[in-house]
Amino acid sequence: MRPQALLPWFLSLALAVPLVGLTPASARAATDYQAEDAVISQGTVATNHTGYTGTGFVDYTNVKGSYVEFSVSASAAGTSVLTLRFANGTSTDRPMDLSVNGTVVASAVSFPATADWNTWASKTVDVPLTAGTNKIRATATTANGGPNLDRVSVAAAADTQAPTRPGQPSCSDIGEDGLTLAWGAATDNVGVTAYDLYEHGNKIAEAPGNATGKALTGLAPNTTYNLTVIARDAAGNTSPASPVVDCTTRPSSDTTPPTRPGTLAVSGVTANSADLAWGASTDDRAVTAYDIRSGTTVYQTVTSGTSATLTGLACDSPYTLNVVARDAAGNTSDQSNSVAFTTKACTTDGGVPSSIATLSTGWTIPWGTYWMPDGKTALVTERDDFRVWKVTKDGIRTQVGTVPNAVTTNGEGGLLGVAVDPKWDTNHRVYFMHTAAEGNRVVRMTYDGTTLSDYTVLLQGIKKNRYHNGGRLAFGPDGYLYVSTGEAQTPDLAQDKNSLNGKILRMTTDGKPAPGNPFGNYVYSYGHRNPQGLAFDRNGRLWEAEFGNSSKDELNLIKPGADYGWPTCEGSCNVAGMTNPKATWNVSEASPSGIAIVRNVVYMASLRGERLWRIPINGDNESVGTPTAYYVGTYGRLRTVTKVPGADQLWLSTTNCDNNGGAADGSDKLFRVTID
């Protein structure tokens, strides 16, 4: 069996590229034209009010047809943004026609009342300009004349058109540790400035916009890489992901493994850690890493030295560990001797997982889980076939329908989160986030306890891509719906407060922005890469988990209006105005999806890390204690964890049937975990 590329430590370091500097290109700076300098017909330059910006303003004569005409220049033909600064101290609207070079481009544009003649407002209109000099005229259309006009500002309209999808990639010059990736060129209305190269959902390289190929180095031998290309323009618009190509590097010519590590010893055992030391291995070329393992499951990789403190261990639990050495070719030594120990007794009052049992089998990528208000059954979604199931506490499942208009992305899109209205007993409303033809949507359906029906789109315009679609839904204690959205492999969107992507959104059950949102729109927090975990603690605070790129995954405490850093920061950083996470992990140890909170402890399901993390909240403070891991490598990729109502239990689901897991359809499971 060929190993699949899972970005091991050496590849992450070799291919990690910085993602700072990807800020959107802003529109061309606006040029101001003062009204008193324009051509005036049936109006006068006045100064009898305050707040104007030049040497005066134009007071239109109260007659239909009075106008002000500006001569403005444009370096190139195209749409520009025209902003007119005006005041209207009457109670009557004073509409005007706007023309360019004699052609009306916007008729009867409203210029409504302002508070008084000293209060100025702005009206913005998109207008087409030709290259060179243009005559822009604002003409009153009623006998009341126009408003007082201070100035107009002209700026090139922002580029919102994304490049086309790059053509089918292909691989050549394939070697042991590198290959050349080629693709068909994308096109753009302004110009392609860069291509971003992805291995599954992780950006590994980029190429300039005039290139259609890139040499990738630092790859692992005899490993299959799942590669796609995304085009980007200067405004930060990104194309849909290209078709996929799977390329496998050649087996290494180095077939000699390192020697077996020397004697492994353990000391300093605590409730959550142990100190390990071993003798050095040798290799015909070089030892590149040591893996600390339980059986064949890797707990930690050490790239320097022959000792380590292994953290994140479960308290009062037995461990048997060994160490193997690896070289750059992926050759692995014989394992060292094994050491056995039991961690110290648990000292927490939050409980720990004490048992796990299989609740239900036969699933294919179960993604969202949400309990009904009576706590007797839950709704569970399956991502790629769009089915929705009712599951009892005993694990008996019944399909209640499918969600229409859902599509997959051959990556992480499809039918994602589900939430049940807190007032379901009276309104029978349930909510889903899913990928559709045009992007991701939040929708509402009717569920009578047996069958799904109706279908209402509440929110769309959430950009989609092959990866980074987010998708978790949760109702807060305030009764509003919280939605996690990914940045759709377009990092710039995470920092754009007017974009729905890379955000936590907060909305009403009728699809409107929730009252009190910090920016007056749907956005509750921003600067997120791909958040998939949401849970509220006993104090009503929102916790969130999100995927990093190649460095750090995050657990965040969400506050309204806060910026969580992506793409400037991945993990903690010292950047003014950006909020650091409460805990971070190496991406190989986590890649977190769902989270749940039981007895003031956050439980976080991990995909690539194949473990359930336990993270205690420090009382009612805004900090967490030492994370510890359970079920490492035992059940594969863990997707969703949900608290069972009325019990100290969790439901935990796997995602072993997805592209990264590769298991056959129907192989995923739903487990019940008891906390004691």
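Attention here is on the structure that accompanies the text. (Residues numbered from 1 in each chain as written. Predicted model: local features only at pLDDT ≥ 70, side-chain atom pairs only at ≥ 80, totals over all residues. Heavy atoms only, no water.)

What follows is about the environment of Gly-65. Take Gly-65: it is sitting in the loop between strand 4 (57-60) and strand 5 (67-74). Separated by 295 residues in the primary sequence, Gly-65 and Ser-360 have C-alpha atoms spaced 76 Å apart. In this view, Gly-65 contacts Gln-42, Thr-139 and Ala-140; residues no more than four positions away in its chain are not counted. (Helix = DSSP H or I, 4+ residues; strand = E, 2+ residues; numbered from the N terminus. Contact = heavy atoms within 4.5 Å.)

Look at the link from Trp-566 to Pro-567: it is a cis peptide, with omega at 5 degrees. Tracing the sequence through the fold places Pro-567 in the loop between strand 41 (552-558) and strand 42 (583-586). In the Ramachandran plot, Asn-101 falls in the positive-phi region, its phi being about 55 degrees despite a non-glycine side chain. Here Asn-101 lies in the loop between strand 7 (96-100) and strand 8 (103-109). On the accessibility criterion, Asn-101 (40% relative accessible area) is partly exposed. Of note in this structure, Asp-316 is not a glycine but carries a positive phi near 50 degrees. (Buried < 20%, exposed > 50% of the residue type's maximum accessible area, 1.4 Å probe, protein only.)

In terms of nonpolar packing, the biggest core is built from 54 residues, with Trp-278, Ile-292, Leu-555, Leu-650 and Leu-652 touching the most fellow members. A total of 5 residues in this core trace back to one element, the largest contributor, which is strand 44 (residues 601-606). If we ignore the near neighbours within four places in the chain, the residues touching Trp-278 are Pro-261, Gly-262, Thr-263, Leu-264, Tyr-290, Ile-292, Val-302, Gly-305, Thr-306, Ser-307, Ala-308 and Val-323. Of all hydrophobic cores here, the second largest spans 35 residues; its members include Ala-419, Val-420, Val-430 and Val-483. (Core = buried A, V, L, I, M, F, W, Y, C linked by side-chain atoms within 4.5 Å.)

On to the packing of aromatic side chains, then. The geometry of an aromatic ring pair is captured by two quantities: the separation of the ring centres and the angle between the planes. Here the structure, examined in full by the defined rule, presents 18 aromatic pairs. A cation sits over an aromatic face here: Arg-137 above Tyr-67, 3.8 Å from the ring centre. Against the face of Trp-566 rests Arg-529, its NZ or CZ located 5.5 Å from the ring centre. (Phe/Tyr/Trp six-rings, centres within 6.5 Å; stacked < 30°, edge-to-face > 60°. Lys NZ or Arg CZ within 6 Å of the ring centre and 35° of its normal.)

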